[in-house]
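Each chain, written out:
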Amino acid sequence: MNRALREFRRLERLCLEQAALSTMDLARSGLLKVADDCRIAAEAIEAQSPRGAMAGAIQALRQALSAARPSNRH
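Below is a summary of the structure that appears in this document.

About the cut-offs
The residue count restarts for each chain, going from 1 along the sequence in the order it is written. The model is predicted, so local features are restricted to residues of pLDDT at least 70 and side-chain atom pairs to those at 80 or more, both for listing and for counting; the totals for chains, interfaces and linings are taken over all residues. Hydrogens and water molecules were not included; the side-chain quantities draw on all heavy atoms of the structure. Runs of E in the DSSP output that reach at least two residues are strands. Runs of H or I that reach at least four are helices, and both are numbered from the N terminus. For this analysis, a polar contact is any N or O atom pair within 3.5 Å, provided that within protein one partner can donate a hydrogen and the other can accept it, and provided that sequence-adjacent residues contribute only side-chain to side-chain pairs. When a carboxyl oxygen of Asp or Glu lies within 4 Å of a side-chain nitrogen of Lys or Arg, that pair is called a salt bridge. Accessibility here uses a 1.4 Å probe with only protein chains present; expressed as a share of the type maximum, an area under 20% marks a residue as buried, one over 50% as exposed, and anything in between as partly exposed. Fitting a line to C-alpha atoms yields each axis, with helices limited to the stretch in contact; the angle taken between N-to-C directions then spans 0 to 180 degrees. Roughly parallel here means an angle under 35 degrees, roughly antiparallel means over 145, roughly perpendicular means 65 to 115, and every remaining angle is called oblique. Note on convention: near helix rotated counterclockwise from far helix by under a right angle means a left-handed crossing. Clockwise means right-handed. Contacts: residue pairs with any heavy atoms within 4.5 Å of one another. Residue polarity is assigned by list, with Asp, Glu, Lys and Arg as charged and Ala, Val, Leu, Ile, Met, Phe, Trp, Tyr, Cys and Pro as nonpolar; anything else, Gly included, falls into the polar class. A helix is expected to span 1.5 Å multiplied by its residue count minus one. Directions from the helix axis toward the C-beta atoms define the arc.

## Here's the deal with the environment of arginine 10
Its place among the elements puts arginine 10 in helix 1 (residues 2–21). At 2.7 Å, the side chain of arginine 10 and the side chain of glutamate 7 are in polar contact.

In structure tokens:
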């Protein structure tokens, strides 16, 4: 799974770099769409990993605790 994650992140980075260098709007647009698809795929892989799930749970807990605290700001 880590190999696939690294590959999607590498492809995302490559597409973003090439899009920045592209002089044609159509090519730039296509590269940005592929980069976005790679990002989505990588995030899906991260969400399936135990560490990704734990990070998500910790983030949700932090948000819940911060919402439960009374605000000292006026």
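## A short note on the pattern of salt bridges
Here the structure, examined in full by the defined rule, presents six salt bridges. The partner of glutamate 46 in a salt bridge is arginine 9, and the shortest N-O contact between them spans 3.1 Å. Here glutamate 46, found in helix 2 (residues 25–48), pairs with arginine 9, found in helix 1; they are 37 residues apart in sequence, far enough to count as distant. Of the residues examined, glutamate 46 reaches a relative accessible area of 33% and is grouped as partly exposed. Overall, arginine 9 belongs to the partly exposed group, its relative accessible area being 25%. Close ionic contact of arginine 28 with aspartate 25 constitutes a salt bridge, the shortest N to O distance being 2.7 Å. Taken together, the residues arginine 28 and aspartate 25, both in helix 2 and three residues apart, mark about one turn of the helix. On the accessibility criterion, arginine 28 (27% relative accessible area) is partly exposed. Through salt bridges that share partners, Arg9, Glu12 and Glu46 make up one connected network.

## Concerning the packing of helix 1 against helix 2
Closest axis-to-axis distance for the helix 1/helix 2 pair is 8 Å, and the angle between their directions is 160°. Comparing their axes, helix 2 and helix 1 come out roughly antiparallel. Helix 1 and helix 2 meet at a crossing whose hand is left-handed. For the pair helix 1 and helix 2, contact is made by Ala4, Leu5, Phe8, Arg9, Leu11, Glu12, Cys15, Leu16, Gln18 and Ala19 and by Arg28, Leu31, Leu32, Val34, Ala35, Cys38, Arg39, Ala41, Ala42, Glu43, Ile45 and Glu46, respectively. Across the contact of helix 1 with helix 2, the residue classes tally to 15 nonpolar, one polar and six charged.

## Quick word on helix 1
End to end, helix 1 covers 29 Å across 20 residues, agreeing with the expected 28 Å (1.5 Å per residue, within 8%). Taken together, the buried positions of helix 1 are occupied by Leu5, Glu12, Cys15 and Ala19. The arc enclosing the buried residues of helix 1, seen along the axis, measures out at 95°, which places them on a common side. Turned more than 90 degrees from where helix 1 packs its buried face, Arg3, Arg6 and Leu21 sit exposed.

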